[in-house]
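# Structural description and commentary
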Amino acid sequence: MSDVINVNELEQVAGGIANPDEELYITKQGDTLWGIAQERHTTVNALFERNKREIKEWVHKMLKKTLPNESDYMNYLWIGEKLYVPKKR
């Protein structure tokens with residue numbers, strides 16, 4: 001038995017993801033909402049709406065400020081953010 005638990009297994013232990021068509025994605029260097037949206041066959045707006053809380057929390061934590069327009073938050077991602085994304089097709 002392995003002592004390692006991957007993130008998706010951890011989500012299952014914690015109650016699972018509400019939508020079975022989604023999976024947890026942890027951002028890495030170079031990620032953008034546009035790039036993730038293209039890879040997952042969705043839109044930037046759909047990704048942002050689904051993950052708005054996480055994205056805004058990271059912006060506030062990293063920039064220590066609130067942005068003037070909600071759409072401005074779409075321009076920021078940091079390594080390690082946990083986003084819910086459509087499963088790859």
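The present account deals with the structure reproduced in this document. Being a predicted model, the structure only gives us computed values, none of them experimental.

## Some thoughts on the overall build of the protein
For the protein, the helix and strand inventory stands at 3 helices and 2 strands. Burial status across the protein gives 27% buried among its 89 residues. Contacts spanning at least 24 positions in sequence make up 58% of the contacts within the protein whose residues lie at least 6 apart. Carbon and sulfur atoms provide 51% of the accessible area of the protein, an area that totals close to 6,300 Å².

## Some words on the nonpolar core
Leu-33, Ile-36, Ile-55 and Leu-83 are the most contacted members of the largest nonpolar core, which has 15 residues in total. If you list the elements that add at least two residues to this core, you get α2 (33–39), α3 (44–63) and β2 (82–86). Ranked by residue count, the leading element in this core is α3, at 5 residues. Setting aside residues no more than four positions away along its own chain, Ile-55 makes contact with Leu-33, Phe-48, Tyr-73, Tyr-76, Leu-77, Glu-81 and Leu-83.

## Describing the environment of Arg-53
Considering the arrangement of structural elements, one finds Arg-53 in helix α3. Taking the relative accessible area as the measure of exposure, Arg-53 reaches 67% and is therefore exposed.

## Here we look at the packing of aromatic side chains
Here the structure, examined in full by the defined rule, presents 1 aromatic pair. Between Tyr-76 and Trp-78 the ring centres are 5.7 Å apart and the planes differ by 10 degrees, which places this aromatic pair in the stacked class. In this structure Tyr-76 comes out as partly exposed when scored by relative accessible area, which is 29%. Positioned over the ring face of Tyr-73 is Lys-56, at 5.2 Å from the centre of the ring.

## Points about the side chain of Asp-31
With respect to the secondary-structure elements, Asp-31 resides in the loop between β1 (22–26) and α2. Of the polar contacts made by the side chain of Asp-31, one reaches the side chain of Tyr-25; its length is 2.7 Å. A distance of 2.8 Å separates the side chain of Asp-31 from the backbone nitrogen of Lys-28, its partner in a polar contact. Apart from residues no more than four positions distant in its own chain, Asp-31 is found in contact with Tyr-25, Ile-26, Ile-36 and Leu-77.

## Thoughts on unusual backbone geometry
For His-41, which is not glycine, the phi dihedral falls at a positive 55 degrees. Turning to its location among the elements, His-41 is positioned in the loop between α2 and α3. Classification of His-41 as exposed rests on a relative accessible area of 52%. Even without a glycine there, the phi angle at Lys-64 is positive, about 60 degrees. Along the polypeptide, Lys-64 turns up in the loop between α3 and β2. A relative accessible area of 69% means that Lys-64 is categorised as exposed.

Procedures and definitions
Residues numbered from 1 in each chain as written. Predicted model: local features only at pLDDT ≥ 70, side-chain atom pairs only at ≥ 80, totals over all residues. Heavy atoms only, no water. Helix = DSSP H or I, 4+ residues; strand = E, 2+ residues; numbered from the N terminus. Buried < 20%, exposed > 50% of the residue type's maximum accessible area, 1.4 Å probe, protein only. Contact = heavy atoms within 4.5 Å. Areas by Shrake-Rupley, 256 points an atom, 1.4 Å probe, with all protein chains shown as cover. Core = buried A, V, L, I, M, F, W, Y, C linked by side-chain atoms within 4.5 Å. Phe/Tyr/Trp six-rings, centres within 6.5 Å; stacked < 30°, edge-to-face > 60°. Lys NZ or Arg CZ within 6 Å of the ring centre and 35° of its normal. Polar contact = N/O pair within 3.5 Å; in protein donor to acceptor, adjacent residues only side chain to side chain.

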